[in-house]
Structure formats: C-alpha cells, structure tokens
Amino acid sequence: MVILIGGAGYVGKTLMAQNILEKYKIPYLSMDHLKMGIFRGCANCSFTPESKDTLITEKLWPIIKGIIMTNIENNQNITIEGCYFPFSINELGKEYFEKIIFFYIGFSEKYIKENFSSKIIENRNVIEKRGYEFDTALEQYIIEHNEIKTMCIKNGVKYFEINNNYDNEIKFVYKWIENEWNKK
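Cut-offs used in this document
Residues numbered from 1 in each chain as written. Predicted model: local features only at pLDDT ≥ 70, side-chain atom pairs only at ≥ 80, totals over all residues. Heavy atoms only, no water. Phe/Tyr/Trp six-rings, centres within 6.5 Å; stacked < 30°, edge-to-face > 60°. Helix = DSSP H or I, 4+ residues; strand = E, 2+ residues; numbered from the N terminus. Buried < 20%, exposed > 50% of the residue type's maximum accessible area, 1.4 Å probe, protein only. Salt bridge = Lys/Arg side-chain N within 4 Å of Asp/Glu carboxyl O.

1. With respect to the packing of aromatic side chains
- If you walk through the whole model with that rule in mind, you get 11 aromatic pairs.
- Judged by centre distance (5.8 Å) and plane angle (85°), the ring pair of Phe 103 and Phe 160 falls under edge-to-face. Of this pair, Phe 103 sits in strand E4 (residues 100-107) while Phe 160 sits in strand E5 (residues 158-162), placing them 57 residues apart in sequence. Pair check on accessibility: Phe 103 and Phe 160 agree, each one buried.
- Aromatic pair Phe 107 and Tyr 141: ring centres 6.5 Å apart, planes at 50°, arrangement tilted. Remark: Tyr 141 occurs in helix H6 (residues 138-155) and Phe 107 occurs in strand E4; sequence separation between them is 34 residues.
- Its relative accessible area of 3% is what places Phe 107 among the buried residues.

2. Topic: the pattern of salt bridges
- Inspection of the entire model under this criterion finds 8 salt bridges.
- Among the ionic pairs, Lys 94 bridges to Glu 98, the shortest N-O distance being 3.8 Å.
- The exposed category is assigned to Lys 94, whose relative accessible area is 62%.
- Judged by its relative accessible area of 42%, Glu 98 is partly exposed.
- Ionic pairing is found between Lys 183 and Glu 180, a salt bridge with its closest N-O pair at 2.9 Å.

3. Digging into unusual backbone geometry
- Despite not being glycine, Tyr 10 shows a phi value in the positive range, around 70°.
- Counting through the fold element by element, Tyr 10 comes out in the loop between strand E1 (2-7) and helix H1 (13-24).
- Its identity is not glycine, yet Asn 75 carries a phi of approximately 55°, on the positive side.
- Note that Asn 75 resides in the loop between helix H3 (53-73) and strand E3 (78-82).
- On the accessibility criterion, Asn 75 (67% relative accessible area) is exposed.

Dropping the structure here:
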C-alpha cells in the first residue's frame, strides 16, 4: 500500500509520515529530500529549491510515479509526503490507484489567521530542522491553502481542513487512513 500525503508547507505532513512510521513501521520518503538530492547531485537539474512548485512537480512527479509503481508491484508499503503531487494521479491506472491512499491536508482561513505565528510558524521545525526563515506572508499562505482546496475539490482528491484544534482534528485524518487501509 502507498500513502500519499500532500499539502502546503508546514501543515504537518512530515510529522504525520513520521507517526505512521513509528506506529505501523511503514517507511516514508520526503519529496523535499528528493528535491534537494536532485538539486545538489545534478548540475543541470533545471530547477532550484526556490523554483515554482509547478516546475518542481513537473520534474519530480515522473520519479515519484516510478517509486509508487515499483512499491505496488513489489507489494511493499511506503508513505510519500510533500507538496509536489499533481492533483490528478489517475494516469497511474486502476490497478495502481486501488492500492494508494491519497489526500491533502490544509488549514482554513480562520485557522491561519488565528494561529499563523503562534502554531504554524512556531511548529515548523517539529521533525526537520529548517535552516531558513519562513518567508511567506500570511495573506499569501491563505491564498495557497484556498488554491489547494479548490484543486482538490475540482479533481476529487480527499481534502482535510483543520479549522479549530489541530491536535483533535488531525486524529480524524489518522482514523480515516486506518479505515482506508483496512478497506484496501
């Protein structure tokens, strides 16, 4: 089974993947690690860490798609988390798609406005130590979350929106993953 966790930066994707690893012993891959490995290892990779997400998605998706297919073909489990998934992964075909749990996590505008500094930015280093400043403005962060939500709805991708209490609401996501796992 393959679990794909998408979402904007700092929504808890890596924390969720780490928790899945610890509870179920399912390894995970961070798309940020793949991005940086390609950037640092290939002189002509055609993107930088600051490139637009659409360009990075275009470059990483064929590799991620191959990893997904290989894991499914070998009956291996993996969680892949990041913000570089296309919103439609139907191109993989039914035989693969049936073995994928794919969803996005996001924050509501209300949650962002109430928690931008105190919880979102403050908790950005819970799993990974990021040696750079969070340079997205509050309004841009809201726009990004609204765009992701709109694209998920348009493409029929499961979307979980945190509205009030992150710790309580994220438990619902874990329960949903477990239910989906048991169905497949």
